[in-house]
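As a plain string of letters, each chain reads:
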Amino acid sequence: MDSRPSPDTKAEMTTPEFGRFYLPGPTEVHPDVLAAMIRPMIPHRGQDMVELMQGFEAPLRRIWCTERRVFIGTCSATGFMEMAVRCGVKQRALSLVGGAFGERFAAIVASAGRDVVRLEVAKGRTVEPDMLRDALKRTHVDAVTLVHSETSTGALAPLGELASVVHEFDNVLLLVDAVTSVGGIPVETDAWKLDFTLTGSQKAMALPPGLAMAVASARMLEIAKGIPERGAYLDVLAFDRAAANYQPTNTPALPLLYALAAQLARIDATGGPEARWRRHEEMRRVVEAWVKGRGGELGFSFLPPDGRRSWTVSCLNVPDGANGRDLARDMKQRGWTIGSGYGDLKRSTIRIGHMGDHTPEGLRELLATLEEVAR
Ligand SMILES: *Cc1c(COP(=O)(O)O)cnc(C)c1O
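Only a predicted model underlies this, so the values are computations on that prediction, with no experimental measurement involved. (Residues numbered from 1 in each chain as written. Predicted model: local features only at pLDDT ≥ 70, side-chain atom pairs only at ≥ 80, totals over all residues. Heavy atoms only, no water.)

K.L.:
Explain the overall build of the protein residue by residue, including any values.
P.N.:
In terms of helices and strands, the protein carries 14 helices and 14 strands. A globule of 375 residues ought to have a C-alpha radius of gyration of about 21 Å, and the protein, at 21 Å, matches this closely. Once the C-alpha set of the protein is aligned to its principal axes, its extents read approximately 60 × 60 × 35 Å. The buried share of the protein, taken over its 375 residues, is 57%. Charged side chains of the protein number 45 positive and 46 negative; the gap between the two group centres comes to 2 Å. (Helix = DSSP H or I, 4+ residues; strand = E, 2+ residues; numbered from the N terminus. Rg over C-alpha atoms; globule rule 2.2 N^0.38 Å. Buried < 20%, exposed > 50% of the residue type's maximum accessible area, 1.4 Å probe, protein only. Lys, Arg positive; Asp, Glu negative; His and termini not counted. Charge placed at Lys NZ, Arg CZ, Asp CG, Glu CD.)

The following block contains the structure:
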């Protein structure tokens, strides 16, 4: 049997054309990126591996707006949330919660045996700088956990401003879940002095699931040294040592690294991170314009307020009498995948994951189909 998939395999014949899968994770992966995974294995302690890792350095730094090393691990993003907590929280963290992923960060703090103080806002809202300052004045913590783009509600936190507030206090680390922002929304890792910023491969980076990536500040690495029970597999210091020599910590998910190499080359060939950010901002505007116009007439509205809407995922309240799950199902029947609401927002909202390699044109087509379905 031919070892390579031939164009007439059933899987390929039933694969829909690219540009119709708008789930807010995993995101649709470009066929060129998928194809890049079909390559022979290499020894992960050899020169080929070093060269592969060296090739990631400059493009990843541009995406993360950092001069520091970008760690790459074989696990989903939640693994690196756990790394953030185990290596960055000595005793107590303040966890900002406005949806399911903020909640997850808080739960990881608790499950790692640290104290968690929750600062909660309604779903679709974000913790604002004054609220954060008040909370930090009231409670002494070693770290703050927050989610930049809350995928469950489509809310975008004012990360730069929140970071300035955290830095008004001494020795408080800022641990950031940037899973649906890195690669789609600017994350100024160095300028905002973020101590730990993490993502997963399957969101705005538009890779298959299975990789996590993160950047740690020098301060975070110092704090980690003083925490003996960091664990082994997700020890940030092990990642720092390995990355210094362009080495993986353990046997990496090689096909996903091949996909990463292909995706980074594609990003650079299409205008770099800046062009990507502009395209994502434009996609947010496309949905906003639709909600102001025909979508609004049909009864759709944004869950998050103006100025706090993610560029990568739009969470919309559905018209009275409609149901998010049914809308997603009806879209699916027409060949389009969107997300229904998350958790207890399942029925009252839909989520359109317009991140990765999607385009404003494709998104307009999706919205036109949504109009037909909602009528
Ligand atoms: C998807 C997601 C995660 C978790 O990702 P996994 O890769 O499934 O572990 C965490 N935070 C946010 C904001 C996400 O969107």
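K.L.:
Please provide a residue-by-residue account of the sheet that holds strand 5 (residues 143–147), values included.
P.N.:
Taken in spatial order, the seven strands line up as 2-10-9-8-5-3-4 in an open sheet, and their pairing is mixed. Because the sheet does not close on itself, it has two edges, and the strands there are strand 2 (71–74) and strand 4 (115–120). Across the sheet, the mean angle from the axis of one strand to that of its neighbour is 20°, orientation sign disregarded. Bridge count for strand 2 against strand 10 (residues 211–216) is four bridges, and the pairing is antiparallel. Along strand 10, the bridge assignment pairs phenylalanine 71 with alanine 214. In the packing of helix 6 (residues 129–138) onto the sheet, contacts are made with strand 3 (92–97), strand 4 and strand 5, and the angle to strand 3 comes to roughly 155°. Relative to the sheet, helix 8 (residues 218–225) contacts strand 8 (173–177), strand 9 (196–200) and strand 10, its axis offset from that of strand 8 by approximately 110°. (Pairing = 2+ DSSP bridges. Axes fitted to C-alpha atoms, helices over the stretch in contact; angles between N-to-C directions. Contact = heavy atoms within 4.5 Å.)

K.L.:
Go over the site of the ligand, please, and point to the residues and values.
P.N.:
Lining the immediate environment of the ligand, one finds 14 residues, of which Ser76, Thr78, Thr151, Asp177 and Lys203 sit closest. Contact distances for the ligand include 2.4 Å between an oxygen atom and a side-chain N or O atom of threonine 78. Residue lysine 203 places a side-chain N or O atom 2.7 Å away from an oxygen atom belonging to the ligand. For the ligand, the protein covers 90% of the area, taking 380 Å² as the surface of the free molecule. Residue assignment for the shell around the ligand shows that the elements contributing at least two residues are helix 4 (77–88) and helix 5 (100–111). The dominant element in the shell around the ligand, judged by the number of residues it contributes, is helix 4, at three residues. In terms of residue class, the shell around the ligand is built from five nonpolar, six polar and three charged. (Near = heavy atom within 4 Å. Polar contact = N/O pair within 3.5 Å; in protein donor to acceptor, adjacent residues only side chain to side chain. Areas by Shrake-Rupley, 256 points an atom, 1.4 Å probe, with all protein chains shown as cover. Nonpolar A, V, L, I, M, F, W, Y, C, P; charged D, E, K, R; others polar.)

K.L.:
How would you summarise unusual backbone geometry if you had to cite specific residues and measurements?
P.N.:
One can expect most non-glycine residues to show negative phi and most peptide bonds to be in trans. Note the cis peptide between glycine 25 and proline 26, where omega equals -5°. Mapping proline 26 onto the fold places it in the loop between strand 1 (21–22) and helix 2 (31–35). Notably, alanine 206 is not glycine yet its phi reads approximately 55°, a positive angle. Looking at where alanine 206 falls in the secondary structure, it is placed in the loop between strand 9 and strand 10. In this structure alanine 206 comes out as buried when scored by relative accessible area, which is 0%. If you check the backbone angles, tyrosine 246 has positive phi at about 55° while not being a glycine. Relative to the helices and strands, tyrosine 246 resides in the loop between helix 9 (236–244) and helix 10 (254–269). Residue classification places tyrosine 246 among the partly exposed positions, given a relative accessible area of 21%.

K.L.:
Can you break down the pairing of strand 10 residue by residue, with the values?
P.N.:
For a regular strand, the rule is simple: side chains alternate between the two faces of the sheet. Extensive coverage of strand 10 is indicated by the burial of six of its six residues. Residues Leu211, Met213 and Val215 point to one face of strand 10 and Ala212, Ala214 and Ala216 to the other, with burial holding for every one of them. Alignment of strand 9 against strand 10, held across five bridges, turns out to be antiparallel. Following the sheet pairing, phenylalanine 196 is matched in strand 10 by alanine 216.

K.L.:
An account of the packing of aromatic side chains is needed here, citing residue identities and associated values.
P.N.:
One pass over the structure, following the stated rule, counts five aromatic pairs. Centre to centre, the rings of phenylalanine 71 and phenylalanine 239 are 6.3 Å apart; their planes meet at 45°, and the pair counts as tilted. Of this pair, phenylalanine 71 sits in strand 2 while phenylalanine 239 sits in helix 9, placing them 168 residues apart in sequence. Residue phenylalanine 239 is classed as buried on the basis of its relative accessible area, which comes to 5%. Linked through ring pairs, Phe71, Phe80 and Phe239 together constitute an aromatic cluster. The side chain of lysine 203 reaches across the aromatic face of phenylalanine 101, ending 5.4 Å from its centre. (Phe/Tyr/Trp six-rings, centres within 6.5 Å; stacked < 30°, edge-to-face > 60°. Lys NZ or Arg CZ within 6 Å of the ring centre and 35° of its normal.)

K.L.:
Give me the lowdown on the nonpolar core, citing residues and values where you can.
P.N.:
Of all hydrophobic cores here, the largest spans 51 residues; its most connected members are Phe56, Leu60, Leu94, Leu132, Leu136 and Met205. Elements represented by at least two residues in this core include exactly helix 3 (47–64), strand 3, helix 6, strand 5, helix 7 (159–166), strand 8, strand 10 and helix 10. Looking at which element gives the most residues to this core, the answer is helix 10, with eight residues. Once residues lying within four places of it in the same chain are set aside, the contact partners of leucine 60 are Val70, Ile72, Met205, Met213 and Leu264. Counting residues in each nonpolar core, the second largest holds 32 residues, with Cys75, Leu173, Leu198 and Ala214 among its members. (Core = buried A, V, L, I, M, F, W, Y, C linked by side-chain atoms within 4.5 Å.)

Function cannot be read off these values alone, since they describe shape.
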